[in-house]
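Descriptive analysis of the structure
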Amino acid sequence: WTLGFLLASSCVVVAQTAPTVKLSVDASEASRKIFHAKLEIPASPGTLTLYYPKWIPGEHGPTGPVQDLAGLKFTANGQTLPWRRDLLDGWTFHVEIPAVVTTIEASLDFISPAGPGGIYTGGASATDKMTVLNWNTLLLYPAGFSSDQLNYETSLRLPEGWKMGTPLPIASQSGGEVAFQSASLTRLVDSPVIAGQYLLVVPLAENPRQEMDIAADSAAALDVPQNIFGLYKNLTEQAQKLFGAQHFRDYHFLYSLSDHVAHFGLEHNESNDSRVGERYLVDDKLRTLAAGLLPHEYVHSWNGKYRRPADLATPDYQQPMQDDLLWVYEGLTSYLGEVLSARSGLRHPETY
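The text that follows walks through the structure, step by step, so that each part is easy to find.

Turning next to the overall build of the chain. Each helix and strand in the chain was counted, giving six helices and 23 strands. Relative to the compact-globule value of 20 Å for 352 residues, the chain shows a C-alpha radius of gyration of 21 Å, a close match. For the chain, the spread of C-alpha atoms along the principal axes amounts to about 70 × 50 × 35 Å. Looking at the chain as a whole, 54% of its 352 residues qualify as buried. The long-range share in the chain, meaning contacts at least 24 apart out of those at least 6 apart in sequence, stands at 69%. Accessible surface computed for the chain: about 15400 Å², of which carbon and sulfur atoms make up 52%. Taking the 25 positively charged and 38 negatively charged side chains of the chain as two groups, their mean positions are separated by 2 Å.

Laid out in structure tokens, this is it:
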């Protein structure tokens, strides 16, 4: 992708190619709630403006958790670069690039909150047994390009013995390190990773593939009667009947079972990040209480992600989103999600 600037007097177009950023994330200390990231960002001499994602899709506000960003440092050719935080916007950083430099290295840490509180990607997301990794918490991106234009080559190191699930296509895997296929910043931020010592993958449908990737704080939390997963298979079938088509390459229900992470549901185009208590799949009463969560986030893939109110379809994560059609984005999704909870059998008709 390129951005073209037209000079009206001479009709000369000056093109600027969107850079490819390399992002390496080390989550080997996830059990300590500490995540490390290194980025290689193309640059040219002068002042480079970088953003930390601020307006996160689905969160409906400027909630990017910059308050948990730590250890920020910029270098080039082995030399530390001067930088400053913007005086008016805490999610914006300005780095001074010396002559001859074509690439800078950035390093940062993200400190996941302790305790089960917090909101969305800024909420508690890690325990000693599992984590949910949201890429927006671990990256910066250069100003002047849309999130569709920017490409990221990303790798991830997990704690030893942990397994993972994500809609982000994998290029290669060696030991505890995973390399992903190059993806736009839009797709990267829209593709969280769930990982843990206890992780269960449950196939739900084929063509396209759909599955549950369930991480828990104990093996006992995953000892679920098999007939329960039949209800989630029904959910994919009923959604196909309701909408008549599917737009995703594949779909992952990323389901966290823990009493020590923030509890919520957050929609993505090819997945959802949904979090409940540790016993919510093995306890009939608790499972019924949460019966509408996965259908709701699943419906959002059609209503809110594949089709989105224009004022929420911003070009990057710095531009404010306007929620004047949120009553359709969330309201219609709530209605259809409840319908699917009953049609799939996750709720009895009388309960519905």
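Next up on the list: a nonpolar patch on the surface. Nonpolar side chains collect at one region of the surface, where L332, Y335 and Y352 lie side by side and expose about 340 Å² of accessible area between them. Here Y352 lies in the segment after α6 (331-343). By relative accessible area, Y352 is classed as partly exposed at 48%.

Let us look at the pairing of strand β19 (residues 198-205). Here β19 runs beside strand β20 (residues 210-216); their pairing, made up of seven bridges, is antiparallel. Note on β20: the bridge partner recorded for A205 is Q210. What sits between β19 and β20 in their antiparallel hairpin is a turn of four residues, with N207 showing a positive phi close to 55°.

Attention now moves to unusual backbone geometry. Residues N207 and P208 are joined by a peptide bond in cis, for which omega reads 0°. Tracing the chain through its elements places P208 in the loop between β19 and β20. In this structure, N207 takes a positive phi of about 55° despite not being glycine. Locating N207 in the fold gives a position in the loop between β19 and β20. Of the residues examined, N207 reaches a relative accessible area of 74% and is grouped as exposed.

There is about 470 Å³ of room inside the largest pocket. Ranked by residue count, the leading element in the lining of the largest pocket is helix α1 (residues 185-189), at three residues. A breakdown of the residues in the lining of the largest pocket according to their chemical character gives nine nonpolar, eight polar and seven charged. Looking at the second largest pocket, the residues that line it are Q16, T17, P19, P42, A43, S44, P45, T47, L48, P142 and F145. Put simply, the parts of the chain that give the lining of the second largest pocket at least two residues each are β2 (12-17) and β5 (46-51).

Per the counting criterion, the structure on display carries two cavities of 30 Å³ or more. As a volume, the largest cavity reaches approximately 70 Å³. In terms of lining residues, the largest cavity is bounded by F35, F110, S112, T121, S125, V132, L133, N134, T137 and L138. Residue composition of the lining of the largest cavity, grouped by class: five nonpolar, five polar and no charged.

Time to look at the sheet that holds strand β9 (residues 92-97). Reading across the sheet, the four strands line up as β8-β9-β5-β12 and stay open at both edges, with antiparallel pairing between neighbours. This sheet does not close on itself; its edge strands, each paired only once, are β8 (83-85) and β12 (141-142). Bridge count between β8 and β9: three bridges; the pairing is antiparallel. Following the sheet pairing, R84 is matched in β9 by H94.

Moving on, we come to the pattern of salt bridges. All chains considered together, the criterion is met by eleven salt bridges. Residues E211 and R209 are paired through a salt bridge, measuring 2.5 Å at the closest nitrogen-oxygen approach. Owing to a relative accessible area of 9%, E211 belongs among the buried residues under this scheme. The shortest N-O distance in the salt bridge between R275 and D273 comes to 2.9 Å. The burial state of R275 is the same as that of D273; both residues are buried. Several salt bridges share partner residues, and in doing so they unite R187, R249 and E270 into one network.

Conventions used here
Residue positions are given per chain, counting from 1 as you read along its sequence in written order. Since the coordinates come from a predicted model, pLDDT governs what is reported: local features require at least 70, and pairs of side-chain atoms require 80 or more to be given and counted, while whole-chain, interface and lining totals use all residues. Side-chain numbers here rest on the full set of heavy atoms in the structure, without hydrogens or water. A run of DSSP states H or I qualifies as a helix once it reaches four residues; a run of E qualifies as a strand once it reaches two. Both are numbered from the N-terminal end. Atoms counted for the radius of gyration: C-alpha only. Globule rule: 2.2 Å times residue count to the power 0.38. Working definition: with a 1.4 Å probe on protein chains only, accessible area under 20% of the residue-type maximum means buried, over 50% means exposed, and in between means partly exposed. We call two residues in contact when some of their heavy atoms are within 4.5 Å. Surface exposure here means Shrake-Rupley accessible area, sampled with a 1.4 Å probe, where a residue is shielded only by the protein chains that are shown. When charges are counted, Lys and Arg contribute as positive and Asp and Glu as negative, whereas His and the chain ends are disregarded. By convention, the point assigned to a charge is CZ for Arg, NZ for Lys, CD for Glu and CG for Asp. Patch membership requires more than 30% relative accessible area and the absence of a salt bridge. Residues of like charge join within 9 Å; the nonpolar side chains Val, Leu, Ile, Met, Phe, Trp and Tyr join within 5 Å. Salt-bridge detection follows one rule: a side-chain nitrogen of Lys or Arg within 4 Å of a carboxyl oxygen of Asp or Glu. One bridge is not enough; two strands pair if DSSP finds at least two bridges between them. Definitions used throughout: a 1 Å grid over protein atoms alone; a cavity as a set of points that fits a 1.4 Å probe which cannot get out; a pocket as an open set with protein on both sides within 12 Å along at least five of seven lines; a lining residue as one with an atom within 4 Å of a point. Grid points are joined across faces, edges and corners, and a volume is the space filled by probe spheres set on the points. Asp, Glu, Lys and Arg are counted as charged, while Ala, Val, Leu, Ile, Met, Phe, Trp, Tyr, Cys and Pro are counted as nonpolar; the rest, among them Gly, fall into the polar class.

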